[in-house]
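Chain residues, written in single-letter form:
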Amino acid sequence: MQTITSQWAITFDQFAASIRESAIIAAPYITRPGLIRLVKGLRFRRRVKLDVLTALEERSLEDGVVDSGALHWLCTQVPGTTVRHLRHLHAKAYVADEHTAIVTSSNLTNGGLFWNHELGIAISDPDAVKDIADDLREYGNLGVIVPCDELPNIDSMADKARRLKEAADDAASAQAKEAYRDALKDISRHLADLGTSGDEFVVDPKASINAQLCDAIRYVLRHNGPMSTRDMNPLVQALKPELCDDNDDLVIKGVSYGRNWKHKVRNAQTVLKRAGIVENEEGVRNGLWWLT
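Predicted model only: the values in this text are computed from it and were never measured.

## Focus: helix 1 (residues 9-18)
Considered for burial, the residues of helix 1 that qualify are A9, F12, F15, A16 and S18. Of the surrounding secondary structure, the elements contacted by the buried residues of helix 1 are strand 2 (22-26), helix 2 (32-42), strand 5 (93-96), strand 6 (100-104) and helix 5 (110-115).

## Section: a negative patch on the surface
Among the surface-exposed residues, D125, D127, D131 and D135 lie close enough to one another that they form a single negatively charged patch. Within the fold, D127 resides in helix 6 (residues 126-141).

## Some thoughts on the environment of W289
Tracing the sequence through the fold places W289 in strand 13 (residues 288-291). Classification of W289 by relative accessible area gives buried; the value is 10%. The spatial distance from the C-alpha of W289 to the C-alpha of N107 is 37 Å, given a sequence separation of 182 residues. Excluding its chain neighbours within four sequence positions, the residues that come into contact with W289 are L221, P226, M227, T229, M232, Q269, K273, V278, E279 and N280. Of the polar contacts made by the side chain of W289, one reaches the side chain of T229; its length is 3.0 Å.

## Here's the deal with the packing of aromatic side chains
Counted under the stated rule, the structure contains five aromatic pairs. Measuring from ring centre to ring centre gives 6.0 Å for F12 and Y94, while their planes differ by 75°; the resulting arrangement is edge-to-face. Note that F12 is positioned in helix 1 and Y94 in strand 5, a separation of 82 residues in sequence. Taken as a pair, F12 and Y94 share a single burial class, namely buried.

## Comments concerning the sheet that holds strand 8 (residues 144-145)
Across the sheet, which stays open at both edges, the eight strands sit in the order 1-7-6-5-2-3-4-8 with mixed pairing between neighbours. Unpaired on one side and paired on the other, strand 1 (2-5) and strand 8 mark the two borders of the sheet. Two strands pair when backbone bridges link them, and strand 6 and strand 7 (residues 119-123) are joined in this way by four bridges, in the antiparallel orientation. Residue pairing for strand 7: I102 is matched across the bridge by A122. This element, helix 6, spans strand 2, strand 3 (49-54), strand 4 (81-85), strand 5, strand 6 and strand 7 of the sheet and lies at about 120° to strand 5.

## Let's talk about the packing of helix 9 (residues 209-224) against helix 11 (residues 260-274)
Orientation of helix 9 relative to helix 11, taken along the N-to-C sense of each, is 75°, at an axis distance of 9 Å. With respect to helix 11, the axis of helix 9 lies roughly perpendicular. Contact residues: helix 9 offers I209, N210, L213, C214, I217 and R218, while helix 11 offers K264, V265, N267, A268, Q269, V271 and L272. A class-by-class count of the residues in the contact of helix 9 with helix 11 yields eight nonpolar, three polar and two charged.

## What about the environment of K177?
As for its position among the elements, K177 is in helix 8 (residues 174-192). K177 sits in the partly exposed class, given a relative accessible area of 34%.

## Digging into the pattern of salt bridges
Under the criterion given, the structure shown has eleven salt bridges. For R87, the salt bridge is made with E58, and the minimal N-O distance between the two is 2.6 Å. Pair noted here: R87 is in the loop between strand 4 and strand 5 and E58 is in helix 3 (residues 58-63), with a separation of 29 residues, a long-range link. For R87, a relative accessible area of 17% gives the class buried. With a closest N to O distance of 3.2 Å, D159 and R163 form a salt bridge. Of this pair, D159 and R163 both sit in helix 7 (residues 151-171), four residues apart, which is roughly one turn of the helix. When its relative accessible area of 33% is taken as the criterion, D159 is described as partly exposed. Judged by relative accessible area, which is 47%, R163 ranks as partly exposed. Each member of the salt-bridge network shares a partner with another, and the members are K130, D134 and R137.

Thresholds, definitions, all that
Residues numbered from 1 in each chain as written. Predicted model: local features only at pLDDT ≥ 70, side-chain atom pairs only at ≥ 80, totals over all residues. Heavy atoms only, no water. Buried < 20%, exposed > 50% of the residue type's maximum accessible area, 1.4 Å probe, protein only. Helix = DSSP H or I, 4+ residues; strand = E, 2+ residues; numbered from the N terminus. Contact = heavy atoms within 4.5 Å. Patch = residues over 30% accessible without salt bridge, like charges linked within 9 Å, V, L, I, M, F, W, Y side chains within 5 Å. Areas by Shrake-Rupley, 256 points an atom, 1.4 Å probe, with all protein chains shown as cover. Salt bridge = Lys/Arg side-chain N within 4 Å of Asp/Glu carboxyl O. Lys, Arg positive; Asp, Glu negative; His and termini not counted. Charge placed at Lys NZ, Arg CZ, Asp CG, Glu CD. Polar contact = N/O pair within 3.5 Å; in protein donor to acceptor, adjacent residues only side chain to side chain. Phe/Tyr/Trp six-rings, centres within 6.5 Å; stacked < 30°, edge-to-face > 60°. Pairing = 2+ DSSP bridges. Axes fitted to C-alpha atoms, helices over the stretch in contact; angles between N-to-C directions. Parallel < 35°, antiparallel > 145°, perpendicular 65-115°, else oblique. Nonpolar A, V, L, I, M, F, W, Y, C, P; charged D, E, K, R; others polar.

Here it is, written out as structure tokens:
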């Protein structure tokens, strides 16, 4: 194990040059300078498989701390790149093949590489590297695959939000501020429409809402052990906020039956139970669910 302190750009260059077949890049903030260094480090090995896990959140896109245009450029330079959006991602970790994992406070930005006071460790123990990679893949399975050809669209939406924010700041009118907020909501809705699910790190980017909730339930039970639906719901909502809208009630013939997403979670529990993946205490109010 090796300690990594600021500035760690040279260490990152060595990491990039060490990639032979595959790598995982996980950071909520990713900008063009960091990706340029990554591609330069790969040199002529651009047929590697890159899994990029980041947080394409509306305000991060608008502020430019995550650059969807640069991510599209990365996809064109390294065709084996998969980009995933995971809301609330905070981990910064970098894995090269099965030989090196770097866990750090640093995002893949100029600030992270050069300016900020960062601290991290480089790990070369194969078992530890595998554990870190497996954890990142599990995070990734909860995220949203963003196809390469969607990234320019997201970049355009972010640029529109930036221009509307400037206009709102200048005009200070309610109408201008509302247009800016709508632009941010458009980005959020667009990412929610690109939902994904599955047991592998590269999966169908158009899986159903039910499949996404099944993944979230399995993740919650695997990491927390048996629990009731009441205790499970807020954890599922935290993992999949775009699918769990508290403003959306299930209404039948004018009668509200509670939050629509909670009914969908119960449907997902039923699907998992029928598949033999989970069990529950039948007939017990707020009974426990667990993985079989």
